[in-house]
Amino acid sequence: MAGTADRSHRRVPGPPAGYRRRARLGVKYVPRKDDRVLVGFRERFSPFVADIESCHVLDARVGDLLVALADLVRGLTIPDRIAQIEVAAGDDSVGLVFRNLRELAPVDREALIAFGHAHDLLIFEQPGNESTVAPVGHSTERLHYRLDDFGLSFAFAPTDFTQINAAINRQMVPQAIEQLALDSESRVLDLFCGLGNFTLPIARHAASVIGVEGAEALVSRGRENAALNGIDNARFEAADLTRLGPDADWLGGGIDRVLLDPPRSGALEVLPAIADLGPSRIVYVSCGPSTLARDAGELVHRYGYRLEAAGLMDMFPHTGHAEAMAVFSR
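Since this is a predicted model, take the numbers as computed values, not measurements.

**Quick look at empty space enclosed by the protein**
Point 1. If you walk through the whole model with that rule in mind, you get 1 cavity of 30 Å³ or more.
Point 2. The space that makes up the largest cavity amounts to roughly 110 Å³.
Point 3. In terms of lining residues, the largest cavity is bounded by 14 residues, among which Arg-21, Tyr-145, Thr-162, Gln-163 and Ala-166 are the most central.
Point 4. Those elements that place two or more of their residues in the lining of the largest cavity are strand S7 (143–147) and helix H4 (166–180).

**Considerations on the nonpolar core**
If you look at soluble globular proteins, the nonpolar side chains tend to sit buried side by side.
Point 1. Counting 45 residues, the largest nonpolar core has Phe-198, Leu-200, Ile-202 and Val-283 as its most contacted members.
Point 2. It is H4 that provides the largest number of residues to this core, a total of 6 residues.
Point 3. Excluding anything up to four places from it in sequence, Phe-198 contacts Met-172, Val-173, Ala-176, Ile-177, Asp-190, Leu-259, Asp-261 and Val-285.
Point 4. Listed in part, the 32 residues of the second largest apolar core include Leu-191, Leu-277, Leu-292 and Ala-296.

**Observations regarding the sheet that holds strand S14 (residues 306–313)**
Point 1. The strand order S11-S10-S9-S12-S13-S15-S14 describes an open sheet built from 7 strands, whose pairing is mixed. Edge positions in the sheet fall to strand S11 (234–238) and S14, since each has one partner strand and no second. Geometrically, the sheet is characterised by an average inter-axis angle of 15° between neighbouring strands, direction not taken into account.
Point 2. Pairing geometry for strand S9 (residues 187–191) and strand S10 (residues 208–213), over 5 bridges, is parallel. Pairing of Arg-187 across the sheet is with Ser-208, part of S10.

**Description of the pattern of salt bridges**
Point 1. Throughout the structure, instances matching the rule amount to 16 salt bridges.
Point 2. Asp-51 is the partner of Arg-36 in a salt bridge, and the nearest nitrogen-oxygen pair spans 2.8 Å. You can see Arg-36 sitting in strand S2 (residues 36–40) and its partner Asp-51 sitting in the loop between S2 and helix H1 (60–63), a full 15 residues away along the chain.
Point 3. The partly exposed category is assigned to Asp-51, whose relative accessible area is 48%.
Point 4. Arg-294 is the salt-bridge partner of Asp-295, the closest N and O atoms lying 2.8 Å from each other.
Point 5. What makes Asp-295 buried here is its relative accessible area of 0%.
Point 6. Connected through salt bridges with shared partners, the residues Arg-21, Asp-91, Asp-92 and Arg-146 form a single ionic network.

How each quantity is defined
- Per chain, the residues get numbers from 1 upward, laid out in the order the sequence is written.
- Only residues with pLDDT of 70 or above have their local features reported here, since the model is predicted, and side-chain atom pairs are shown and tallied only from 80 upward, although totals for entire chains, interfaces and linings are computed over all residues.
- Only hydrogens and water are removed before side-chain values are computed, so all heavy atoms of the structure are retained for them.
- Only protein atoms enter the 1 Å grid, on which a cavity is a set of points fitting a 1.4 Å probe that cannot get out and a pocket is an open set with protein on both sides within 12 Å along at least 5 of 7 lines, lining residues being those with an atom within 4 Å of a point.
- Grid points are joined across faces, edges and corners, and a volume is the space filled by probe spheres set on the points.
- The helix and strand labels rest on DSSP assignments: H or I over at least four residues marks a helix, E over at least two residues marks a strand, and numbering proceeds from the N terminus.
- Take the buried Ala, Val, Leu, Ile, Met, Phe, Trp, Tyr and Cys residues and link them wherever side-chain atoms come within 4.5 Å; each set so joined is a nonpolar core.
- For every residue, the accessible area obtained with a 1.4 Å probe (protein chains only) is divided by the maximum for its type, and the residue is called buried under 20%, exposed over 50%, and partly exposed between those limits.
- Contacts were defined at the residue level, with two residues in contact if any of their heavy atoms lie within 4.5 Å.
- DSSP calls a pair of strands paired once it identifies at least 2 bridges connecting them.
- Between N-to-C directions, angles cover 0 to 180 degrees, with each direction set by a line fitted to C-alpha atoms, over the stretch in contact for helices.
- Should a side-chain nitrogen of Lys or Arg be within 4 Å of a carboxyl oxygen of Asp or Glu, the pair is scored as a salt bridge.

Right, here's the structure in full:
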């Protein structure tokens, strides 16, 4: 990584099993094998679904139910038209979104409702795009997770992006807040903010924060969560951060801290706008270490920042992926 750090973060560990709260499970109907159904993860570089009975990486509320889910799908009138099952787990409840390529029959709905009741799950159907997701047999539209260090509760839809590993997230957010070195006069810009996972904790410690996100649904959820938690110094805006124009009013002066949490592709396109703002500190959270290294090189060599600290968080145990955090100052 470009630059030299005086110190590094400690490695942030997490639970090795049962940590994955979001997943997309493949479903495969195999009529040549006694009408068998497979539910699990797709094999690497293959359309096939792995033949497994449980998954210890998944939240145990779902990871131990793969055989039961396969039996459920096999008993539906459309076992060959269930494409996938999306898993979304909150602190108190778990949602399963069944991607149905054909309308569910009344008997199918009854089976899904009974399964949800038996295993304390919230069942949803998705006959089209994400806007078609709807509860089956209940009226709950949101799941929740908490960040108790900040007295915050976050509502999210079952198809919203949330951090996969709740235990790591509960450690990662306070660390990012600490590294931002906020005070009561800090004005912060949180880019790629999602539903406010960092934005709202920042609001607890700063004068103001602006969260910017490309997905309109997540911007709406951020505003919803600000209202839910009684926060009035956080503002959420929608913008394509890969094609940032100069006319965004939130690019005005006065920003002295920036938090970045981009997708794996990184934040290269937005770095010139950040440099123009001239924040004294930038905290960069990354799920793509190679793009973090690239962007760090830009911040240090082109824009005059100094790499002050860097470290890893074990967000994805048993995989080749890593979450990283780097701190820049000038």
